[in-house]
Amino acid sequence: ELIEGRDWTATNGKEIAVVESVVNEAARRFKLTIAGCITGSGLPRSSQLADGLAKQMGLSTCTTPTTMIDVRNKFTQQTLLETAGLRSIKQVRGASLDDEAIASFLDGEKYPVVVKLDQIGIQGGKIKLCHSKEEAIDHFQYLLQVIASSSNRTGAQVICQEFLRGVQVMVDSVSHNSKHKTCMVWRYDKRPANGERNVNFGMIPMESEAHEAALAIPYVTQCLNAMGMKNGPSHAKCIVTIDGPVLIELNFRAHGGDGSWCHLARALTDGYSQVEASVDAILDPAAFELLPDAPLGPFNAHGLQVHLVSHSAGEVTSMPGFQVMKHLPSFVSLSTNVTVGSTVEYTTSLSTSPGVCVLMNKDESKLNKDLGLLRYLEEINALFDYKTKVESLARPTAASYSKQQKRNSRVDDMEKPSLVRIYSNDPKLTRQGMLMKRMTTIDASKEVVVVVDPYSTGCLVVNEIRSRGYQVIACWTLGFSEEMKTHTPGAAGEMKYFAEVDEQEDLADTVKAIYEAAGKLRVVACIAGGEAGVDCADEVSERMNLRTNGTHVANRRDKKIQQELIRDAGMRSVRQAAGSKWEHVVEFLQTEHYPVVLKPTDSAGSDGVKLCHNIEEAKQHFHHLFEVEAVNGGFNTEVLCQEFLRGKEYVVDQVSRDGIHKTCMVWVYDKRPANNSAFVYFGMVPVDPNSMEAKILIPYARGVLDVLGVQHGPSHGEVILTPTGPCLVEMNVRAHGGDGNWRSLARGLTGGYSQVEVTVDSYLDKKQFSITPNLPPTPFRASGQEVILVSYSRGRVIGTPGYDIIRDLQSFVYMETGIKVGSFVERTVDLLTGIGSVILMHEDESVLNADISRVREMELNNDLFEFERSGAMLTNASQRHLSEIIVGDDF
């Protein structure tokens, strides 16, 4: 082993002679005769040194000794093909965009085009498929910067080439004295996956008589002759187009990929591969002559090289899929660098593949069965077990669809003006969400209603109140975010208030401020417009002798208190512990079955709610909750730790007056695994009030309201239907949130009313409330649901073709999303990666189901968005990132 810098130093212009001297001295010392010199890699300097040294020592060289040009240069290769009259790639080369040939090519060539360096071995010089002139210019400039910063940049330029469409094959050859023999032809198996259109799923051997192979073999032989190839291995990459094969590049070395294909090639050809043939060409010419000019068919077995594709990501704790693979009847070998502690990414390129598995079997049906099982393991994410991550149980809301946020940011930091809202043009579908002009009393114009913290659905409540002739005073609680004050649903439009007041430190001062703002108007009600305003609304309404839930139940919003109260009342409740210090909850967390739920005791709905799978994660999230601000501003004071309830999660929306509770709607969350996350929201589906589930849930939810002393106004109860019966998650004494996007759907299902209208009735129209049905009608007047959009891909958005398709669906009512051109989409795993919500409704259930299926189909096919194309690797990357090789017992 002779190492540059240790055993020899390059001398300018005399490098070959220096190396020859060192090599000959080593050979003499060990009494060896030098029989050959070949390159062990595809790096330009390695190849040039091997060829030069072989020539100097009178040994067989790779290319013709008289060849003065660098035939390894990709641009030169195409020029030589063109000179020889062979089909070549249309291309230009230059070091400046001002070059006339470059400018003409980028102006006139059909896109996409390939932009790359004309030399390999320059770090960062990736090949990119560019879909527009602008993209090509950007990558051209990037490669110029790469050249400028590289120490190995002598004479390097940028190539622009046509993009070839067809079947990509590789032809592995070995030459001896210009006699070329094909050792194997392989076909790339490329398909869409994880948001990329050309992910390499494997490499399939082709018999010489196969159509593409029969075309490629003689063509590559002509290419080798055109480039003066004399001795040694070569590795040609071609595209077989409708016009015939075209060379992409010819590498004057053996096929790479760590040689994981050798076992397969030897078995298929009855004992030899390019490795053995390369050695024969140097050391045993007679044996080389006995090799066939191309592999003889049919092959002795069936097999392929499988590039593993991960549809998930995370830190690996075990590799159960590898054990399954090793026991497959067709298993030959597995090359991988994935071990316990490795981080696996979604596979989008060869560099993110978790490994290569070689399968082979004499029985093709058994091979296909094993391949099918392997691909199934990939699809169900069974290759690896991952370190459990803190799962968010939060439901995506309109506020979460803005993508310009960090994972630990507050909701009020989001770019709400970036929300895109699309409405149906069909008045039959939208009229259910229109405001109704309904005067309640003849003195309504002289009366005013106080709404505390009107945001999200609270804005719709405000507009409903105003539509009946009342004025509205907005009362903002202490610490309420200024940005949250502008969190206005699209359906609400511009908010107008008679006056706005701020909560004071003293309740009496707050009431005084309200009276002063009301002036001559009579204050007739005080309503919570959102979760943050519940406590203040109860205090103010009680002090002003208005219809109120009062303060006799202290800390009603506190989720821990809620569970204690219903437990004391003999109702099913959650096992739990809460505290402001770790030692307050550590005993519970040491004894409770995992996973467990951690959340603030007084947050806004799903704010800060996490599913933790072990005590370390629980401890981390416990301390995290005291470090971040709550959604509505301020800091958390206590953390609640609860058992994880297993079962479907339901929502019961009700409105009360004088202790009479009327159910406006029951919903069930559609949650499923996706993108390696266990709880991804796919939608919210209405539940028939006559169903068995509703008959269990509604009485339970009403019982919770009674225990909590809720006599008036809206409530939004979240309940898990466990195997032992319903169990409260939390009871929110305010209207259902989500910006009220569900309102038009609810009105269509009920025939004209929703929780918004009934909320106003409960405070301002006793007669209307009294005639409101106790339960929604059954069957519903229409079929519909909220579809929460899920992304299975990621990237920068350059188009939103799926929006137009959704808008044209027969059942389309409304869509809200934060994704537009220029946004960056992540794979949907939680509320921060949610991409939007669509309301679908139609009188015909079959139409609704067909439209839902169409949306889900677009998600799976990644047709919702058109993404900026990433740099597509158009060459087969080395498997240097694969460190461990596992070989089957039979090989």
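Residues numbered from 1 in each chain as written. Predicted model: local features only at pLDDT ≥ 70, side-chain atom pairs only at ≥ 80, totals over all residues. Heavy atoms only, no water.

Caption draft 1: Focus on the sheet that holds strand 19 (residues 471–476). If you trace the four strands from one edge of the open sheet to the other, you get 20-19-18-21, paired in parallel fashion. Since the sheet does not close on itself, it has two edges, and those belong to strand 20 (499–502) and strand 21 (522–528), each with one partner. Pairwise comparison of adjacent strand axes, ignoring direction, gives a mean angle of 25° for this sheet. Two strands pair when backbone bridges link them, and strand 19 and strand 20 are joined in this way by four bridges, in the parallel orientation. The partner of C475 across the bridge, within strand 20, is V501. Along the sheet face, helix 15 (residues 534–543) touches strand 18 (447–452), strand 19 and strand 21 and points at about 150° away from the line of strand 21. (Pairing = 2+ DSSP bridges. Helix = DSSP H or I, 4+ residues; strand = E, 2+ residues; numbered from the N terminus. Axes fitted to C-alpha atoms, helices over the stretch in contact; angles between N-to-C directions. Contact = heavy atoms within 4.5 Å.)

Caption draft 2: Up close: the confidence of the model for the protein chain. Model confidence for the protein chain is summarised by a mean pLDDT of 86, while 87% of its residues fall at 70 or above. Segment residues 430–437: pLDDT under 50, and 21 contacts once partners within four positions in sequence are set aside and those in other chains are kept. A low-confidence stretch, residues 871–883 (pLDDT under 50), is modelled with 45 contacts involving residues beyond four sequence positions or located in other chains. (pLDDT = per-residue confidence, 0-100.)

Caption draft 3: Quick peek at the sheet that holds strand 1 (residues 91–94). Pairing is antiparallel in the open sheet, where four strands are placed in the order 1-4-2-3. Only two strands of the sheet have a single partner each, and these edge strands are strand 1 and strand 3 (128–130). With strand direction ignored, the average angle separating the axes of adjacent strands in the sheet is 25°. The pairing of strand 2 (residues 113–117) with strand 4 (residues 158–162) spans five bridges and is antiparallel.

Caption draft 4: Spotlight on the environment of E868. With respect to the helices, strands and loops of the structure, E868 is situated in the loop between strand 36 (866–867) and strand 37 (884–887). Spatially, the C-alpha atoms of E868 and I798 are 5.8 Å apart, while their sequence positions differ by 70 residues. Look past the residues within four positions of E868 in its chain and what remains in contact with it is R796 and I798.

Caption draft 5: Structural detail: helix 24 (residues 845–860). With 16 residues, helix 24 extends 23 Å between its outermost C-alpha atoms, agreeing within 8% with the 22 Å of an ideal straight helix rising 1.5 Å per residue. Within helix 24, the full set of buried residues consists of V847, L848, D851, I852, V855, R856, M858 and E859. Looking at the packing, one finds that the buried side of helix 24 touches strand 27 (660–674), strand 28 (677–686), strand 31 (783–788), helix 23 (801–807) and strand 35 (837–842). Immediately beyond the C-terminal end of helix 24, within one or two residues, lies N862, with a positive phi of roughly 55°. (Expected span 1.5 Å × (residues − 1). Buried < 20%, exposed > 50% of the residue type's maximum accessible area, 1.4 Å probe, protein only.)

Caption draft 6: How the structure looks around the packing of aromatic side chains. Scanning all chains against the criterion turns up twelve aromatic pairs. On the basis of an interplanar angle of 20° and a centroid distance of 5.6 Å, the ring pair of W476 and F480 is categorised as stacked. The buried category is assigned to F480, whose relative accessible area is 6%. What links up through ring pairs into an aromatic cluster is the set Y455, W476, F480 and Y497. In this structure, R827 is placed above the aromatic ring of Y346, and the distance from its NZ or CZ to the ring centre is 3.8 Å. (Phe/Tyr/Trp six-rings, centres within 6.5 Å; stacked < 30°, edge-to-face > 60°. Lys NZ or Arg CZ within 6 Å of the ring centre and 35° of its normal.)

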